[in-house]
Amino acid sequence: MTSTNGTATGVRDLVGVGFGPANLALAVALEEHEGPPLDALFLEKRPRLAWHPGMLLEDATMQVSFLKDLATLRNPRSAFSFLSYLHDRGRLVDFINHKEFFPSRVEFHDYLDWAAGHVAHRVRYDTAAVAVRPVTEAQTVVAFDVVTREADGGERTERARNIVLGTGLVPRMPEGVARSERVWHSEELLPRIEELTGPPPASFAVVGAGQSAAEVAAHLHSRFPDSRIDALLPSYGYSPSDDSPFANRVFDPEAVDHFYDAVPAVRERFYEQHGNTNYAVVDLDLINELYRRSYQESVRGTRRLHFWPMCRVEGADSGPDGVRLRVNRLLEDRSTELDAGIAVFATGYHPMDAASLLGPAAELCKRDSAGRLRVSREYRVETSADVTAGIYLQGGIEHTHGISASLLSNIAVRAGEIVTSLAAGVRQIP
Ligand SMILES: Cc1cc2nc3c(=O)[nH]c(=O)nc-3n(C[C@H](O)[C@H](O)[C@H](O)COP(=O)(O)OP(=O)(O)OC[C@H]3O[C@@H](n4cnc5c(N)ncnc54)[C@H](O)[C@@H]3O)c2cc1C
């Protein structure tokens, strides 16, 4: 199927780029697909499956029910469900006694790893996709070559009639702030902490007011009992995520249809009304825990956890021993400086960036009036008439498929829909 000298010798039905939960769910759906098997290979740049490893904090829990696993909503009888995993690990009864709808992220990671082990024949790890090149026959783009960089530094090419991009969210830093040894994004928290040598930093600044920011502040506060923590919030305080039953419907499979079929103004309204189910919000238990810790410190008169409301960080100058942040304190309408040993920016993520990987192949894609990719309900990018090869997206589709686009809630159903679309396309090939 592939050669190591940079040329492709065969054509697969599908090459998936990235092997996080989204493309793992797709591999599972392919495994369970009834009908002629599809020849699929997934490429993952990491040496093994790793789900946000830098934030795999001991106490962190899932923000979604365990029933929204890789398969259950598509196939409740699946052998790849979270319940099957628990059974396999001998913990099913213990889990039931635990009465927990939202398992720890550590346990869910172990579940994903377990599932990935069962579809290992479909994945090549240590393989980064670096470019996508259209393959043209008789003036029609019939396939794509996915160019990869392998662990040994060599290049290979995988040719496929369809590609599915599932490369995940892209960490966001505030404008004017660059990462350094002293300035981290939350995605790299745990490995960075492991690399610290010498005495712990005297202080940490944590920038942001979403779930990751609150988790980072709580983690650093526990892990470094002699360090000061300055939480710089863009808001007046942490706001709770709305996970109440009616609001939660925004993550239902049916909501994808409602969003997709809505006119632009109504799509916007989804985000206005229900952004607080996901964006810049924090689990209420964690908010209460942070407040409890802060209050206890004020009772004891030993404060080291500080919250600074309405702050905008406008710059960060790293030195050998620490970082000086330029902070616009909006309440006082003035700029100040804050010194910290380390600054952690939990400032969120951009949606998946399909265009940068597609490179020149992005020219084949149709765009809406705002310049965003046009994507069919089946997650296939609309392309010009001279393209028969398919580009499917598992991410970067917040504008067409709604709030669950980058989340776990809908990955099982979405994977099934993509497999149905792929299988229909493959059947049409003479
Ligand atoms: C800390 C954290 C916690 C979260 N918790 C939840 C939660 O509880 N519930 C929820 O619904 N959502 C949660 N999310 C949202 C998150 O987007 C999803 O959980 C999930 O990771 C989406 O899966 P994915 O496969 O689309 O992307 P990812 O998990 O990001 O996986 C993408 C994969 O693609 C690989 N990759 C990227 N580029 C390339 C390339 N060029 N070549 C090869 N491989 C590549 C990456 O290495 C990665 O393994 C969380 C996000 C974060 C940051």
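Scoring rules and cut-offs
Residues numbered from 1 in each chain as written. Predicted model: local features only at pLDDT ≥ 70, side-chain atom pairs only at ≥ 80, totals over all residues. Heavy atoms only, no water. Pairing = 2+ DSSP bridges. Helix = DSSP H or I, 4+ residues; strand = E, 2+ residues; numbered from the N terminus. Axes fitted to C-alpha atoms, helices over the stretch in contact; angles between N-to-C directions. Near = heavy atom within 4 Å. Polar contact = N/O pair within 3.5 Å; in protein donor to acceptor, adjacent residues only side chain to side chain. Areas by Shrake-Rupley, 256 points an atom, 1.4 Å probe, with all protein chains shown as cover. Nonpolar A, V, L, I, M, F, W, Y, C, P; charged D, E, K, R; others polar. Domains from an automatic or database assignment. Contact = heavy atoms within 4.5 Å. Buried area = accessible area lost by both parts, 1.4 Å probe. Salt bridge = Lys/Arg side-chain N within 4 Å of Asp/Glu carboxyl O.

A word on the sheet that holds strand β15 (residues 334-340)
Pairing within the open sheet is antiparallel, and its three strands lie in the order β13-β14-β15. Each of the sheet's edge strands pairs with one partner strand only, and the pair in question is β13 (311-318) and β15. Here the strands of the sheet are splayed against their neighbours by 25° on average, with no regard to which way each runs. Of the strand pairs in this sheet, strand β14 (residues 323-329) and β15 are connected by seven bridges, and their pairing is antiparallel. Its bridge partner lying in β15, N328 is registered against S335.

Observations regarding the site of the ligand
Taken together, the neighbourhood of the ligand is formed by 29 residues, with E44, H52, Q63, S406 and L408 sitting nearest. E44 has a polar side-chain atom sitting 2.7 Å from an oxygen atom of the ligand. For the ligand, whose unbound accessible area comes to 990 Å², protein coverage reaches 90%. Only α1 (21-32) and β4 (127-137) provide two or more residues apiece to the shell around the ligand. The dominant element in the shell around the ligand, judged by the number of residues it contributes, is β4, at three residues. Of the residues in the shell around the ligand, the class split is 15 nonpolar, ten polar and four charged.

Topic: the domain arrangement of the chain
When its domains are assigned, the chain resolves into domain 1 (14-169 + 351-428) and domain 2 (171-240 + 279-348). One C-alpha centre belongs to domain 1, the other to domain 2, and the line joining them spans 33 Å. Contacts between domain 1 and domain 2 engage eleven residues on the former and 13 residues on the latter. It is G54, M55 and L57 that lose the most area in domain 1 upon contact with domain 2, and together they represent 55% of the buried surface on that side. Applying the counting criterion to the domain 1 and domain 2 interface returns one salt bridge. The salt bridge partner of R105 is E215, with a shortest N-O separation of 2.8 Å. Per-class residue counts for the side of domain 1 that touches domain 2 are seven nonpolar, two polar and two charged.

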